[in-house]
Number of protein chains: 2
Amino acid sequence: MPARRRATRKKTTAKAKKWVYLFAGGKAEGSAKMRSLLGGKGAGIAEMTNAGLPVPPGFTITTEACNAYFASGKRFPPGLWEQVEQALARVEKSTGKKLGDPRNPLLVSVRSGAAMSMPGMMDTVLNLGLNDESRAALEKLTKNPRFAWDAYRRFVSMFGRIVQDIPAEKFDHALEAKKKATGAKSDTDLTPKALQELVAEFKEIVRRETKQPFPTEPLDQLRLAIEAVFGSWFGRRAVDYRNAFKIAHDLGTAVNVQSMVFGNMGDDSGTGVAFTRNPNTGARELYGEYLVNAQGEDVVAGIRTPSKIAQMKDELPKVYTQFEKIAQRLEKHYRDVQDLEFTIERGKLFMLQTRSAKRTARAAVKVAIDMVREKLINRDEALLRVDPMHVEQLLLPRFDEVEVENARKAGRFLAKGLNASPGAATGRAVFDADRAVELKGSKQLVVLVRPETSPDDFHGMIAATGILTARGGSTSHAAVVARGLGLPCVAGVAALDIDLAKRQMRVGDKVVREGDAISIDGTTGEVFLGELPTIQPNFREEKELIELLVWADQRRTLGVWVNADTPEECRLARELGAEGVGLARTEHMFRQAERLPIVQDMIMADDAPGRKIALAKLLPFQQGDFLQMYEAMNGLSVVIRLIDPPLHEFLREYADVDVDIAVMRATGTDGAELERKEKIERRLQQLHEDNPMLGLRGCRLLLVYPEILEMQIRAILGAAIDAAEKGIKAKPEIMMPLVGVMGELDRLQQQVVAVAEAIFKERGRKVPYKFGTMIEIPRACLIADEIATKAEFFSFGTNDLTQTILGISRDDAQKSFLTKYVEQKIIPADPFQVLDRDGVGAMMRIAIERGRKTRPDLKIGICGEHGGDPSSIAFCHEVGLTYVSPSTYRVPVARLAAAQAAIAGAGEKDR
Amino acid sequence: MPARRRATRKKTTAKAKKWVYLFAGGKAEGSAKMRSLLGGKGAGIAEMTNAGLPVPPGFTITTEACNAYFASGKRFPPGLWEQVEQALARVEKSTGKKLGDPRNPLLVSVRSGAAMSMPGMMDTVLNLGLNDESRAALEKLTKNPRFAWDAYRRFVSMFGRIVQDIPAEKFDHALEAKKKATGAKSDTDLTPKALQELVAEFKEIVRRETKQPFPTEPLDQLRLAIEAVFGSWFGRRAVDYRNAFKIAHDLGTAVNVQSMVFGNMGDDSGTGVAFTRNPNTGARELYGEYLVNAQGEDVVAGIRTPSKIAQMKDELPKVYTQFEKIAQRLEKHYRDVQDLEFTIERGKLFMLQTRSAKRTARAAVKVAIDMVREKLINRDEALLRVDPMHVEQLLLPRFDEVEVENARKAGRFLAKGLNASPGAATGRAVFDADRAVELKGSKQLVVLVRPETSPDDFHGMIAATGILTARGGSTSHAAVVARGLGLPCVAGVAALDIDLAKRQMRVGDKVVREGDAISIDGTTGEVFLGELPTIQPNFREEKELIELLVWADQRRTLGVWVNADTPEECRLARELGAEGVGLARTEHMFRQAERLPIVQDMIMADDAPGRKIALAKLLPFQQGDFLQMYEAMNGLSVVIRLIDPPLHEFLREYADVDVDIAVMRATGTDGAELERKEKIERRLQQLHEDNPMLGLRGCRLLLVYPEILEMQIRAILGAAIDAAEKGIKAKPEIMMPLVGVMGELDRLQQQVVAVAEAIFKERGRKVPYKFGTMIEIPRACLIADEIATKAEFFSFGTNDLTQTILGISRDDAQKSFLTKYVEQKIIPADPFQVLDRDGVGAMMRIAIERGRKTRPDLKIGICGEHGGDPSSIAFCHEVGLTYVSPSTYRVPVARLAAAQAAIAGAGEKDR
């Protein structure tokens, strides 16, 4: 209705803000740099257009327009509609078609497009502009009544569903009924007549649901669609997602209006998606799928099985060659792997979207390496291209890809959710925490499945090998706890229909009952039926990763050591690139099977002579361990921390001895066993502490029981002498735990020196060693200048520092309030995973500054678990630590993260 | 033997250091300022001599000489002996007598004298210089053979015992045997002949014990006595004492050699001790005792009962007048109460010692006030003269002085030890910790008596009302723990002979068996047999204290508030001078009998609605309490902290419910009671935390259970509205516990504001209130600048800060390592009693600086127990806190300590 259009145009004023950016005729007003204004999709289309690629013309309504829309109470801001009409006119001119023209109608797609891709935003509406008249024109122009009716019925249902919010099943039911009535097996079997009838039925559904007739005026359709896109920005799922990922709510979404091209106009038409390189392996090959004679939604819906992109070479060779060139050009342009959407209309290729491709860890590494070889990017860029946590995934057990493919073919793929905590897990599905504990008790692997988890499920989560939830994002209780426990977790699988009463879940017609085996991949978010075999990666075979890490080593200034407690761990860590042992926890050696009873004897001894007898038995074990560790680390430092935990931790098996005794007494049981238990109970009562974390442990234990210190120093230095005699270069560094006051360090050093002198005299040989301390008590940070007069090195115990500086017990907080705090964003992240810079970090800065004031070359490391977290590693680089010491498999992660921190730091300096 | 003397004199060189300081002929080389060189006694004698007082001439060997003696392997340093001889010659000249002169012999006393008085140092040797010849001369000169022989037998036994280290009982046995053989009832009944025989027997004892004849050469006697004084510096008791009181071992002791005067030369002679004012009451009167015809040791030994000094007025009026004048002169000279020793020889008065008098708390206050009135000192000096902890003693229950005197007369005084922890306690003596617990169980008061205590006795110490030990100083385990527990303690009563096997103790012939009542006074260190009644002091009657505290209030700049949880405490605290309530712990109100079951119902409720039902029942209780507290503090601030402890603390009575359940099951008991207990057990397991101190408590609890916050805010503000309606000026300040991150404070403030607005609307009236926070987590100190944007006041919770900054659990550490740390001086003091300035103090400085950067007038208080410790109060003044908030009875302590800090601070500035 041109009259109406003209009428509104009069309102246009020259002063209105620019709300609309055109892309048409090989030129776009926007560019890739305008991502925040035009959204990712709009910016990509503009860039492609300007690059001369075949992009259907259209225009982008800015994110600012979206914000203005909400700011003025859901009204279009002044000038917006006029600019839309002007841009539409340009598109009409460029295509030679007109929206709603009964002779040559323009059809458009309308899509949302925020700065970052976001689930829950409005889907695509295709074929907008159709009504009875333009449909007839389409039939006439294409000479294809079936295509025209099919396009029309798709548009009516899509518009009804997406713009008008009518439940999809209303349309689906009508479609299914029609197929049944006409004996059609698939949608494509429907005749033009059946489709025509369906359009009428669909319009009736819309009338019934909206109490309005279906809007036949194309400009009304456009306005409603734009409003629907805007509205979807504050839709529940989008809001939840932004909350979950801490994305600001005032970014707004852009709207892309683009002229339609049709992949379903015959066998010279088609549509597809493709990656410029294989996103699974990183191989340099076009990777993707396409469908002949189809529209985009057919590929996504999975109704027809698409062909591999390579097949296009045979079927549409000219188009394939053109596409291949465009793909290469885009990859060069963006200097990264691209994820492309395209449509072929009657032999003509149109590019609909390009964006950086998501890729697996393996592909990320290979692409980074290859692109440097291809001189597309430099090494720094390559290092920044790989997420350090991806590196750990390459080293975690994972499902065999062949088996995953087979499972997929066998229809065992169940659903996909959020990859909340990486790793692969298989086990029997259970639907409540108590059952998880029961089955675990009978030695079965279980995957705990819950709508969502709560603190009450904690015992079940510990018992499980993996967690699967239907609701919740990456900061949900399940995700936070699973990452904390190192358990694979797939969260927010909306497709799961869990019936707790029946103890089963359903996805479509697939039903999983309690006890059925399932497999979850926390790295990809995929869930499969049955057990998938896992494979253990071999670092030595990861040639490309090794090369990348060598580059990282050249770039980083931060050392990467390792927390390792056994000779085996030392050997593995060295292979993974560790440059020293930053923490060997001697108490872990105490817990091994043949040693624990000796340790318990020591604890039960009545006096120092009794303890010494037990310690003498432990000495050869510890000395032997240390010798092997020195051998493994030959020439590298081995920092050995003396015993740290409270003694009652070695008597855990007797936790319920008071109950046993009461029962024995109540039932008249008597004799030696009762006496033995009573003795243990008495000792446990003596050792009992209300807050053992703040109790008799660490160096306090060594000062109260100096005979333990003596044994450990004898083992450490004895082994170093053994090593020297074998020609091995041992570099032991003796580390004191939990030092808080100088009186402790003074005495400890005196005792260490005394034992060292004694053993050097006995053995007739001296070996070098260093004396240092953990910094894991706030007070130690404050008096670091004094401590550095005695200590030759510091190592931050950020686990304990986090506990004391935040006043949060790590063992308890997760099940009580900490998870809630993360969920409710009272704190930004679990401080035991991501270093709390404003608290713990601030104290570390104080300690570093004061420590180096006394001893400018003071070696300072970190051996808390933060040493394996990339963002925490960046902080460690920033504050000038000498090294980080993560757990074994985090060593490569740390090498890359340290390099990235160095690159980012250099960037900071340039600014 | 003049020949010998002359021979050694030749060795004298002019270059030797000055080791000896003379006092003779009204002039002394030393002065009161040379205390560290001449010791306290030597400096006092020099000062008295120069003041023209009658002091027997003599000389002081310096502490440096003592150190030189040990430095050169127990040899006299060059020049020392020569200087001794020269000084001796001057004394001989001054007295007209000569050491060893067979015609007119000089006799001297030899005494140790360190810079501070110290038990275990060498006692006095009197009458040195006697041998057969000089004794005969003495007899001739005095015409008193009995006196001469008595002096001789005393000297031989004293020299043998003290210089030659011969056990005293050897001489005592001989003396007793002689008395028996001659039928003498007391020493004075012995005839000259008997005494002569005794001298021969004593000499034989010395020959037998030392394998040497008794030294008859006076110069040998003098040399040996000087060496014995030096040697006593490293005697076991002296070393122990110095260790206990952290006195340096290199101070050394001086030796005072002074010519003898004799109080036992007839009825015109005598000896005594006196104070210039009454040291118990502070009354301005000469107070002391004297004995006619006696030597000093007779007074000390208690063999004859001395007379009150007032009696001297009648017996020796002239001497008394002279002494009274001298006493006044000395008090004016030193501007403090003096403790004097004197001897009268044939009507002539000699002053032997003057020093500042020890005095009771009551006397200290009265003397300070009186001396200001007498214009002897100014108010600042008066304030500095009173130990703030003395103030608390005046307010603690104490033994009735009349009853103490009666007990003493009735021979019920048992022994005196170290006043290790103040207060009076009576109870049945028990000799092991388990028995203490048992008797406590049968509702009996017990005093735990041990040779010394160890961590194994802890449960017994908790069960006791007082602690008594035979060994250990003021930093012994017993002393440290008792002070921590607030229990009276008398430690280190060496006279106690404890027989653990027989469960009894003995002092001389007095035996105390298990179960016998005893009374210990931790303020004086005295122990009595039987029960002594205690009296509760009344502050209002302490007029002088009240006056002193008014002066203190005028001087101090630091506010003194109070920790009070009930209306009664508020009323008492206000009487004691509190200027506001710095901490009202709402959970203490939860624990009262009629309320606890409601609190337990709340905890056991399954959900928020269930909790709300219980909270609604609690509301009127809390609101009523607050109203009464506002009434008591009318016009003053009342800082109310919302609930702090973990919930399981309210279920303490069910600690062993798991054992109960196991026994019930084992014995087949069943039914409702088992179910009830099982439900409690499940809840306890849910609430269980490994480290509750770092767990779900404080504001975390309020965020997890916002309904608790709502009830408490309703009670606080509802009561304030009630108060306003009654015309009472309520100033509630709402304080959040355990805040560590801004996310907490933001949400808490929002919730408080929401509840406040609701209640103001409901009641149709607004009342003012403040919103603030505890600073008791290290992280809160670090982000104090941010916190101050929301919080209108801070209050340091130094108990929790000490726990987290030092990583020490207060509940556990005392029984495990902390006491050991204090004993072994790994830390200087229990950080829960005396604020750790380098750790906790350093963090407080950070918080104060950052908080006041945001809000320059920020009100900052302290409500940890350090607010009642004088040295910690000094720190609080120094760092600029607004107020301290101690427990009720520490309010006067804090007022005085704050004034002293202000005076010291002004002194600092002057420098």
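You'll find the structure just up there.
In what follows, the accompanying structure is described.

Reading the values: the criteria
Residues numbered from 1 in each chain as written. Chains lettered and ligands numbered in written order. Predicted model: local features only at pLDDT ≥ 70, side-chain atom pairs only at ≥ 80, totals over all residues. Heavy atoms only, no water. Pairing = 2+ DSSP bridges. Helix = DSSP H or I, 4+ residues; strand = E, 2+ residues; numbered from the N terminus. Axes fitted to C-alpha atoms, helices over the stretch in contact; angles between N-to-C directions. Contact = heavy atoms within 4.5 Å. Buried area = accessible area lost by both parts, 1.4 Å probe. Salt bridge = Lys/Arg side-chain N within 4 Å of Asp/Glu carboxyl O. Nonpolar A, V, L, I, M, F, W, Y, C, P; charged D, E, K, R; others polar.

Observations regarding the sheet that holds strand β16 (residues 418-421) of chain A
Backbone-to-backbone hydrogen bonds pair the strands of a sheet. The strands run either parallel or antiparallel.
Residues and elements named next belong to chain A.
Consideration 1: Read across the open sheet, the eight strands follow the order β15-β25-β24-β17-β18-β19-β20-β16; overall the sheet is mixed. Bordering the open sheet on either side are β15 (413-416) and β16, each of which pairs with just one other strand. Ignoring strand direction, the axes of neighbouring strands in this sheet form an average angle of 30 degrees.
Consideration 2: Where β16 meets strand β20 (residues 489-491), three bridges bridge the pair, whose relative direction is antiparallel. Looking at the pairing, leucine 418 lines up with alanine 491 of β20.
Consideration 3: Against the sheet, helix α18 (residues 433-441) makes contact with β17 (424-430) and β18 (446-450), and its axis sits at roughly 175 degrees relative to β18, the strand it touches most.

Concerning the sheet that holds strand β10 (residues 287-292) of chain B
Residue and element names in this part refer to chain B.
Consideration 1: Across the sheet, which stays open at both edges, the five strands sit in the order β11-β10-β9-β12-β13 with antiparallel pairing between neighbours. Taken across any chain shown, the strands that pair with only one partner, and hence form the sheet edges, are β11 (307-308) and β13 (348-356).
Consideration 2: Most of the contacts of helix α13 (residues 317-334) go to β13, to which it runs at about 25 degrees, and overall it touches β9 (270-275), β12 (338-345) and β13.

Quick look at the interface of chain A and chain B
Consideration 1: Facing the 54 residues of chain A at the interface are 54 residues of chain B.
Consideration 2: For the pairing of chain A and chain B, the buried interface totals around 4500 Å² over both sides, and the portion due to carbon and sulfur atoms is 59%.
Consideration 3: Contact with chain B buries surface across chain A, with Asn691(A), Leu694(A) and Arg779(A) losing the most and accounting together for 13% of the total.
Consideration 4: Where chain A touches chain B, the interface holds two salt bridges.
Consideration 5: The residue Arg779(B) makes a salt bridge to Asp836(A) at a minimum N-O spacing of 2.7 Å.
Consideration 6: Of all the elements in the fold, those that place two or more residues in the side of chain A that touches chain B are α26 (657-666), α27 (672-687), α28 (699-704), α30 (742-763), α31 (778-782), α33 (798-806), α34 (810-823) and α35 (837-854) of chain A.
Consideration 7: The element that contributes the greatest number of residues to the side of chain A that touches chain B is α34(A), accounting for seven residues.
Consideration 8: In the side of chain A that touches chain B, the residues fall into 26 nonpolar, 14 polar and 14 charged.

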